Amino acid sequence: MQERGRYCSQLLVLLVVLLFIISFYVVPISGKKGSGLIDVDVGVILDANNIVGKVSQTCISMALEDYYTLNQNHSTRRRIVLHKRDSKGDVVEAVSAAIDLLKNVQVQAILGPQTSLEAEFVIDIGNKTQVPIISQAMSPSLSPAENPYFIRGAQSSSSQVESLTAIVHAFGWREVVLIYEDTNYGRGLEPFLTDSFQGISTQVRHQSVLSLSASDDHILQELYKLMTMQTRVFVVHMLPFLASRFFTKVKQAEMMNTGYAWIITDGLTSLLDSMDPTIINSMQGVIGVKPYVPKSSQLENFKVRWRKRFRKENPDVDRFEMNVFGLWAYDSLTALAMAVGRSGIGVSKFKKPVAKENLTDLAAIGISEMGPRLLQSLQNIEFNGLSGKFHLLNGQLRPLSFQIVNVIGKGDREIGFWTRKYGISKHLSLPSSKNYSTNKDDLGAIIWPGESNVVPKGWEMPTGEAKLKVGVPVNGFSEFVSVERDSQTNVVIATGLCIDVFKEVMDHYLPYAVPYEFLPFETPDGESAGSYDDLVYQVFLGNYDAVVGDITILSNRSRFVDFTLPYMGSSVAMVIPFEYDRTNAWIFMKPLKMDLWVTTVFFFVLIGFVVWIVEHGVNKEFQGPLGKQVGMIFWFSFSTLVFAQKENLITNLSRFVVIVWVFVVLVLTSSYTASLTSMLTVQKLKPSVADIRDLIQSKEYVGYHQGSFVQDLLNNQKFDPSKLKDYSTFEQYDKALSFGSKNGGVAAIIDELPYINLFLANPTYCAKYTMVALVGPIYNTAGFGFAFPKGSPLVPDISRAVLNVTGQDVMTRINEEWLGGGATCAEQDGATVTSDSLTLDNFKGLFIVAAVAPLFALMLFLSIFLYENWDTLASKNLTIREKRIAMAKSFHGEKPNSSDASKRKHPTGEGMAVPAAATIDYPQSPATSDSQIVELIFSHDEGLSTTEISTPIHEIIEIVESNEER
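All values reported here derive from a predicted model rather than from experimental measurement.

What counts, and at which threshold
- Residues numbered from 1 in each chain as written.
- Predicted model: local features only at pLDDT ≥ 70, side-chain atom pairs only at ≥ 80, totals over all residues.
- Heavy atoms only, no water.
- UniProt positions renumbered as here; feature names shortened; annotations may be inferred.
- Helix = DSSP H or I, 4+ residues; strand = E, 2+ residues; numbered from the N terminus.
- Axes fitted to C-alpha atoms, helices over the stretch in contact; angles between N-to-C directions.
- Parallel < 35°, antiparallel > 145°, perpendicular 65-115°, else oblique.
- Left-handed = near helix turned anticlockwise from the far one by under 90°.
- Contact = heavy atoms within 4.5 Å.
- 1 Å grid on protein atoms, 1.4 Å probe; cavity = no way out; pocket = protein on both sides within 12 Å on 5 of 7 lines; lining within 4 Å.
- Points joined across faces, edges and corners; volume = space filled by probe spheres on them.
- Nonpolar A, V, L, I, M, F, W, Y, C, P; charged D, E, K, R; others polar.
- Pairing = 2+ DSSP bridges.
- Salt bridge = Lys/Arg side-chain N within 4 Å of Asp/Glu carboxyl O.
- Buried < 20%, exposed > 50% of the residue type's maximum accessible area, 1.4 Å probe, protein only.
- Expected span 1.5 Å × (residues − 1).
- Polar contact = N/O pair within 3.5 Å; in protein donor to acceptor, adjacent residues only side chain to side chain.

With that out of the way, let us pick up the UniProt feature "transmembrane region" (unreviewed entry) in the protein chain. The positions UniProt marks with the feature "transmembrane region" (unreviewed entry) are residues 7–27, 592–614, 626–644, 656–674 and 845–867. As annotated, residues 656–674 comprises 100% helix and 0% strand, and the C-alpha atoms at either end are separated by 28 Å. Here residues 845–867 runs as 100% helix and 0% strand, with 33 Å between its end C-alpha atoms.

This part takes up the packing of helix α12 (residues 324–343) against helix α14 (residues 371–378). Closest axis-to-axis distance for the α12/α14 pair is 8 Å, and the angle between their directions is 120 degrees. One way to sum up the angle between α12 and α14 is to call them oblique. Considering the relative orientation of α12 and α14, their crossing is right-handed. On the side of α12, the interface is formed by Ala335, Leu336, Ala339, Val340, Arg342 and Ser343, while α14 contributes Arg373, Leu374, Ser377 and Leu378.

With that out of the way, let us pick up the layout of surface pockets. Size it by volume and the largest pocket reaches roughly 1,100 Å³. In terms of lining residues, the largest pocket is bounded by 36 residues, among which Asn50, Val52, Leu239, Pro240 and Phe241 are the most central. A breakdown of the residues in the lining of the largest pocket according to their chemical character gives 17 nonpolar, 12 polar and 7 charged.

Under the counting rule described, the total for this entry stands at 5 cavities of 30 Å³ or more. A volume near 80 Å³ is recorded for the largest cavity. Along the walls of the largest cavity sit Leu46, Ile60, Leu111, Gly112, Gln114, Ile134, Ser135, Gln136, Ala329 and Ser332, which together make up its complete lining. Of all the secondary-structure elements, those providing two or more residues to the lining of the largest cavity are β4 (133–135) and α12.

In space, the 8 strands of this open sheet follow the order β7-β6-β8-β9-β10-β16-β17-β18, with mixed pairing throughout. A strand with exactly one partner marks an edge of an open sheet, and here the two such strands are β7 (203–210) and β18 (423–425). Neighbour-to-neighbour, the strand axes of the sheet open up by a mean angle of 25 degrees, direction not taken into account. Pairing of strand β8 (residues 233–237) with strand β9 (residues 261–264) involves 4 bridges; the strand directions are parallel. Residue pairing in the sheet places Val233 in a bridge with Ala261 of β9. Running at roughly 175 degrees to β9, helix α8 (residues 240–252) makes contact with β6 (175–181), β7, β8 and β9 of the sheet.

Glancing now at unusual backbone geometry. Here the amide bond leading from Gly112 into Pro113 is cis, since omega sits at -10 degrees, within 30 degrees of zero. Tracing the sequence through the fold places Pro113 in the loop between β3 (109–111) and α4 (116–129). Backbone geometry places Glu451, a non-glycine residue, at a positive phi of 55 degrees. Within the element layout of this structure, Glu451 appears in the loop between β18 and β19 (468–472).

With that settled, consider the packing of helix α3 (residues 91–105) against α4. It is the contact of α3 with α4, at a shortest axis distance of 8 Å, that shows an interaxial angle of 25 degrees. Comparing their axes, α4 and α3 come out roughly parallel. In this structure, α3 crosses over α4, and the sense of that crossing is right-handed. Every residue of α4 that contacts α3 at Val91, Ala94, Val95, Ala98, Ile99 and Leu102 is listed here: Leu117, Glu118, Phe121, Val122, Ile125 and Thr129. Across the contact of α3 with α4, the residue classes tally to 10 nonpolar, 1 polar and 1 charged.

Below, the discussion takes up the pattern of salt bridges. Applying the stated rule across the entire model yields 21 salt bridges. Two residues, Arg557 and Asp533, come together in a salt bridge whose shortest N-O distance is 2.5 Å. Of this pair, Arg557 sits in the loop between β23 (546–547) and β24 (561–563) while Asp533 sits in helix α16 (residues 532–541), and the two are 24 residues apart along the sequence. A relative accessible area of 4% means that Arg557 is categorised as buried. One salt bridge connects Lys844 with Asp841, and the closest N-O pair in it is separated by 3.5 Å. Overlapping salt bridges, with partners in common, bring together Glu65, Arg309 and Glu313 in one network.

This part covers the side chain of Thr599. Looking at the secondary structure, you find Thr599 in helix α17 (residues 594–615). Relative accessible area serves as the criterion here: at 17%, Thr599 is assigned to the buried category. Beyond its immediate chain neighbours, meaning those up to four positions away, Thr599 contacts Leu840 and Phe847.

Moving on: helix α2 (residues 51–70). For α2, spanning 20 residues, the distance from its first C-alpha to its last is 28 Å, which sits close to the expected 28 Å at 1.5 Å a residue. The buried fraction of α2 amounts to 15 of the 20 residues, a majority that puts the element mostly inside the structure. The distance from a side-chain oxygen at the start of α2 to the backbone nitrogen of Val52 is 2.7 Å, and the residue carrying that oxygen is Asn50.

If you want it as C-alpha cells, here you go:
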C-alpha cells in the first residue's frame, strides 16, 4: 500500500512537469486551439490554365517551403498559410476569388493576379479593405503611387522603353510602327514609347491595335495594310496568347523577309522558351529585350528542383521552362514572408462597418487592422533573390538591366545588354569611365529576317501604293519651276532648274528606285492656291509627300517639315534703278572725306612751317619780309602737290622732311586721282538708293516676289504694309521700277539673289538697274531645298544625293541651261556699283609716318640750335631780355656755309666774310620790346638782301677790305 502511494506521487509529479513543459509551446493562435504558431493567411489568385500561372504557383509553394526551411530558428513564430484560388483567366472569377478570400478567410495579403485587367479590379478591392495586393501586373496604367496597397512584384513595362529606344537609335531608324494588343497591358506602354521615340527624332508613323479576339483574317488584313506603308520597323507589344497567332500570319504575309525589322517587348521575349517551335520558326530574325537574370549556383539548383516538382504537379504540360515571372513570384513570396516576420502582426482582424441593411459582400468585409503594418514592412524591402537584386522601391520592383536577344533557330541568342548607366554594350562588366552609348557596333552579330546580315534601312517604297506625291508651285519664275498640262492626256509636265535637279537626284543618284509624280499647288481654275508657306504646310497636313521648287529653307518652315541639304545658295538683295547725275559741280571734293581733307591741309602747313624753321637761318630764299616768308611756308608745301617747288634746300634735315612728304603726296594724289576717275566713270550708274534704311525713312514703295517669305521679312523690318507691292514676273519688275515710287511703281525690288541674278542677266534690265547687297544675318538664308514630312527616311539619302549632284558637272550644265552662263552687261559688267569716298582711316599709317619725320627734324634742329647758343643762354652778364634778343639775332643770322658767303670775295681771290649781325654792336634803345625783336629779325633780313651801294653795310665792307690791303 505504501509502495502504491509512492508510485502515484511520482506519477503526479511527472504529469505536472509534462504539463509545465507543454505550456511553453502551446499558445493560442488566430483564435484556434491546439496550434503552436501564428498562422498568417495569404491568398493566391492565379490562372491555373496559363503556363505563367502554373509556373508561378509551383514557385510560390517552393518559396514558402524554402524560406521556413532556411529560417527554422528564426525568432518569429508567425508563418504564412497559403489559400489558392483559380482566376481561370477571367476578371469576374478573379474578383470573386478576392472577395471570397477576404470575407471567408480574412487573408492579410493577396499574391496575384498576374494580368493587368484582373489586377486592376482586385487592387481596387485591396485599397478599400487596406489589404496589400502583390501582383506582377506590368502595365504602367496601374501605378503604385495612385494605389497605395498595390505592390508590383515585377518590373513595369515602362522600364524597358529606354532600351527599346536605344536599339532604334543605334540603327538610325527614323520611323516605326507600334503594334499592340487592345488590353490594359498593351495600351499602357504606347504613350511612353511615343514620347521616348520623339526624343530621338523618330516618328511613330502608325499604331495598329489588335483585339485578343481578332480573327486570323482580321490580322492578315491589318498586315496587308502595313505592307502598303513605307515603314519597315515594327515594335510589337503583346503577350504570347495573341503573339503566337500574329507572328504566324506575319510569316504567311511574307513580312518576315529581308528589309523588315521586328522588335518585341519583354512580356513576350521572357516567354519565348515556353512557346511552340512552329511559332518560334515564324519569328526568325526578331530582336527582343527582357529583364536580365544573373546566373548563380542557387538559381541552377532551384531550376533542377523546380523542374522535377513542376513535372510532377503538371504531367500534362509538354513544353515548359523557368521564366522570369516564376522567379519574381518566388522572390515576392520571400519578400512577403520577411515582411510578415518583421511586422509583428497577430490575429487577423477586420474592422466591420456599423450594421446596416442590404450591405454588399465587399462592404461587409470591413477594413483590415493588420494591413497597414504589413504594407509598411513591405516598403523598400531589399535582398538578393533568385531573379537578382530584389528591391521594392516606391511600391514596385526596381529595374536594373535588360538583355537584348536575337531569335535564331529554336530559341533566342544573347547579342548584348542595356543598362541605364552605359546604354548598349556587349558585356555587363564595364569600366566606370565608359560613357553612355547607343552604338550598334556594341551589339553582337545579328541575323535579320530573311536570314540577312544587312541592317534594314527601316523603310521601303511600299508595294501597291500610289507614287510619291510631289507638290510644285505654279506662281514661280519659269526658269526655276514651270507647270503645264498635256493637252491630250492632261498629264502634269513640270520643267525648270529645280525640277531638273530633283529628277537628277531621284533618277540617277538614289540607290533605289522611287516612283513619283508632280502635282501643281493650284485652285480648280489654275491659279496658285496660296503662298510658298502654304505649299510647305501641305506636306505637314499629309496632302503631299514632298514639295519641289524654289523653296527657301527657313526656320519657321522647318518646324513642320524636314528639308534636304540646299542645292542652291541664296540671300536677300535689292534691285534699284540707276540715277544719271553728271551735273554735280562739287564732285571733285567727293573722293576724300572731310576728315581726310582737313588732315591733308594741316600736314601741308606743318611741312611748310618745319622746312621754314630749318632753312630760315641759312637759306636766303626763306628770308625776307614777313609777308614773303608766310607766303613761302604755304607756297613751298603746296607746290609739292604738283612737284613744282624750285627753292633749293641747304640743310639735310629739311631735305629729309621733304623726301618723306613727297612720298606721302604721291600716294595721296594717286589715290585721289583713282577715286575721282571712278566716280566720274560711274556717275551715270549711281544707285538711286544706297541702303534699305533709306527706303524705310523715305516711305518709298517697295516690291517683292509674290508668295515669297520676303513679305514677312519686310514687315519685320518695320516697313509700312501699305507700301509693299507683290509681283510675279520680271516684266512687272521692270515696269514698276521704271515708273518709280511716285508714279505708281516702286523705288526698289527686294528679292532673293537667284531671282535677281536671273533678272539682271537680261541685257535690257542690267542697263537700267543694279543690285545692292543687303548686309546682315537676317538677309542670309540657307538656300533652296526639297521639303519632306518630319522624320521622313528619304531625307538623309536625298541629301547625300544632292551633295553628289552639286559637286558634279551636271549642276553646271543645269545652271547654264536655265540661267545662262551668267550676267554679262556692257553697262556695268555684271558688277555691283560701289564707289565710296576715301577716309582718314584708309591713310592712318601714312600720316603717322608723315608726322614723325617733321617732328623728328624739328626736335633735332632745336637741339643743335640750343647747343650752339648755349654760351649766350648761360651768360650771367646778360639780362633775360638781352638773351632773347641775342637768340633772335642768332636765329636769323647767316652761317659760314651760307650761299651768300661764296659771293663776297676779295678782288684778289681771298674771300672776306661779312660779320654776323649778332657780333655787330648796334646801339639799342632801352625801350625796345619783344615785338620789335621779331621786327628786327625780318627788317635785318631785308637789309642784308639789298643791293644798293649806299647802304651802311656796303660801306663797312669797303672799310674792312681797305684795311686788309694796307
